Amino acid sequence: MLRSRYDVCTSAKTVLLVYAHQSAGSFNAAVKTAAVDELKKQGCRVLVSDLYEVKFKATATEDDITGAVKNPEHFCYGNETMLAWQEARLASDIVDEHKKLKEADLVIFQFPMYWFSVPAIMKGWMDRVLTLGFAYTLEKRYSEGIFRDKKAMLSFTTGSHETMFSSNGINGDMNVTLWPIQNGVLNYCGFQVLAPQIFWAPTHLSPEAREGLLEGWRTRLQGLLNEAPLAFPPADIFDKGKGFQLKPEVREKQADSPFGLTVGHHLEKPLPPQSQMKAGV
Ligand SMILES: Cc1cc2nc3c(=O)[nH]c(=O)nc-3n(C[C@H](O)[C@H](O)[C@H](O)COP(=O)(O)OP(=O)(O)OC[C@H]3O[C@@H](n4cnc5c(N)ncnc54)[C@H](O)[C@@H]3O)c2cc1C
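Criteria and thresholds
- Within any chain, residue numbers begin from 1 and follow the written order of that chain's sequence.
- This being a predicted model, a pLDDT of at least 70 is required before a residue's local features are given, and a value of 80 or more before pairs of side-chain atoms are given or counted; all residues contribute to the totals for chains, interfaces and linings.
- Water and hydrogen atoms were dropped before computing side-chain values, which therefore reflect all heavy atoms in the structure.
- The helix count covers DSSP runs of H or I at least four residues long, the strand count covers runs of E at least two residues long, and both are numbered beginning at the N terminus.
- Expected span, for any helix, means 1.5 Å times one less than how many residues it has.
- With a 1.4 Å probe rolled over the protein chains alone, any residue whose accessible area is under 20% of its type maximum counts as buried; one over 50% counts as exposed, and the rest are partly exposed.
- Here the arc refers to the directions that run from the helix axis out to each C-beta atom.
- Any two residues having at least one pair of non-hydrogen atoms within 4.5 Å are treated as being in contact.
- For this purpose, a residue is taken to be near a molecule or strand whenever a single non-hydrogen atom of the residue falls within 4 Å of it.
- Here a polar contact is taken to be a pair of N or O atoms separated by no more than 3.5 Å, where protein atoms must pair a possible hydrogen donor with a possible acceptor and residues adjacent in sequence count only if both atoms sit in side chains.
- Accessible surface area values rest on a Shrake-Rupley calculation with a 1.4 Å probe, where residue burial reflects the displayed protein chains alone.
- Amino acid classes used here: Ala, Val, Leu, Ile, Met, Phe, Trp, Tyr, Cys and Pro are nonpolar; Asp, Glu, Lys and Arg are charged; the rest, including Gly, are polar.
- Criterion used throughout: strands pair if DSSP finds at least two bridges between them.
- Angular values range over 0 to 180 degrees, each being the angle between N-to-C directions of two axes fitted as lines to C-alpha atoms, with helices fitted over their stretch in contact.
- Any angle that is under 35 degrees is reported as roughly parallel, and any over 145 degrees as roughly antiparallel; angles of 65 to 115 degrees are reported as roughly perpendicular and all others as oblique.

Looking at this structure, I do not really get helix H3 (residues 92-103). What am I missing?
Because each turn of an α-helix spans 3.6 residues, side chains separated by three or four positions end up pointing in the same direction. Given a rise of 1.5 Å per residue, 12 residues ought to cover 16 Å, and the 17 Å separating the end C-alpha atoms of H3 matches this to within 8%. Within H3, the full set of buried residues consists of Ile-94, Glu-97, His-98 and Leu-101. The buried side chains of H3 occupy one side of the element, clustering within an arc of 110° when seen end-on. Residues of H3 that are exposed and angled more than 90 degrees away from the buried face: Ser-92 and Lys-99. Residues of H3 that are buried in the fold lie against strand E1 (14-19), strand E2 (45-50), helix H2 (77-86), strand E3 (106-112) and helix H4 (120-129).

Can you walk me through the site of the ligand in this structure?
Taken together, 19 residues form the shell around the ligand, and within it His-21, Met-113, Trp-115, Phe-116 and Thr-157 come nearest. The contact in question runs from an oxygen atom of the ligand to an N or O atom on the backbone of Phe-116, over 2.8 Å. Within the backbone of Gly-159, one N or O atom sits 3.0 Å away from an oxygen atom of the ligand. Expressed as a share of its isolated accessible area of 1000 Å², the protein-covered part of the ligand is 66%. No other element matches the three residues that helix H1 (residues 27-41) contributes to the shell around the ligand. By residue class, the composition of the shell around the ligand is nine nonpolar, nine polar and one charged.

What exactly am I supposed to notice about the pairing of E2 here?
In the case of a regular strand, side chains alternate between the two sheet surfaces. Across six bridges, the pairing between E1 and E2 is parallel. By the bridge assignment, Thr-14 is partnered in E2 with Arg-45.

What should I look at first to understand the packing of H3 against H4 in this one?
How two helices sit against one another is set out by the angle between their axes and by the gap between those axes. Between H3 and H4, whose axes approach to 10 Å, the crossing angle comes to 85°. By the angle between their directions, the pair H3 and H4 is classed as roughly perpendicular. Between H3 and H4, the contacting residues are Asp-93, Ile-94, Glu-97, His-98 and Leu-101 on the first element and Trp-125, Arg-128 and Val-129 on the second. Classifying every residue of the contact of H3 with H4 by side-chain character gives four nonpolar, one polar and three charged.

How should H1 be read in this particular structure?
Here H1 spans 21 Å end to end across 15 residues, near enough to the 21 Å set by a 1.5 Å rise per residue. If you check which residues of H1 are buried, you get Phe-27, Asn-28, Ala-29, Val-31, Lys-32, Ala-34, Ala-35, Val-36, Glu-38 and Leu-39. Summarising the contacts, the buried residues of H1 are in contact with E1, E2, E3, strand E4 (151-157), strand E6 (197-199) and helix H6 (207-223). A positive backbone phi angle near 95° is found at Gly-43, which sits one or two residues after H1.

What follows is the structure, encoded as structure tokens:
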């Protein structure tokens, strides 16, 4: 029922690292540097958007458009920025990120988890750079999305231990936490979403254990571009004429399964285990 869209890396690729940490001495900085070094070693071209370094504007406002907006009485960010994109009137920092994104085969978002999500500056990157028209339209989204030939993944650190983010841990299931960004942002724009890289509670580990995490990351990076992505439902199993509801025949086929389709499309059944954490489940 679910499909992973998967193509194997055969030649040198461009990787965009969207990075959000304030400190060059942080564990996130070490993870970012490991990725840059390892990917370059493989012959990849690596582009880095260091969001705090450039003081990336996090708010989606009229200032993102040069020239007059079309409807100042009722400013509608999505429509206005789509027009500005079509007319080459977007702010230069957005244009720069569009250029990098267009060239990227893989986008890695590197960040410390903030409030079960990405830091505001990175959410601002998503709000402002994933412009309507450029990154998605109502016709081109999910499996038919504009970035369906690109891959993306979340790589992040937590303050909490892994046990706390389990289905009976105090924070609840990490699969649920990841769904809004992995499905609602990355899969929505069509990206093939690779399994997340989670560095659990590095602050509470010994220096040796942290070095072990970095070593594991370097090893994963060696095969990252050839990894199969997570599975998400194809857009055509939802009926456009019926408010994009799951087609009845698909729901019927799913009736015998002990699990729902995804974290979001759970069909009032138990969630498919680890579906936002591991490919091939
Ligand atoms: C606003 C806010 C919201 C938050 N929300 C959440 C949440 O919802 N859920 C949650 O779990 N956590 C949350 N946190 C905690 C946060 O996610 C963690 O503090 C963060 O992920 C830790 O990563 P870091 O890179 O900042 O660690 P750091 O503290 O920078 O690093 C950890 C340790 O690694 C060391 N280190 C640096 N470089 C290396 C290296 N090369 N090799 C070995 N060691 C190295 C550092 O010296 C340090 O001792 C939140 C924090 C804030 C401020």
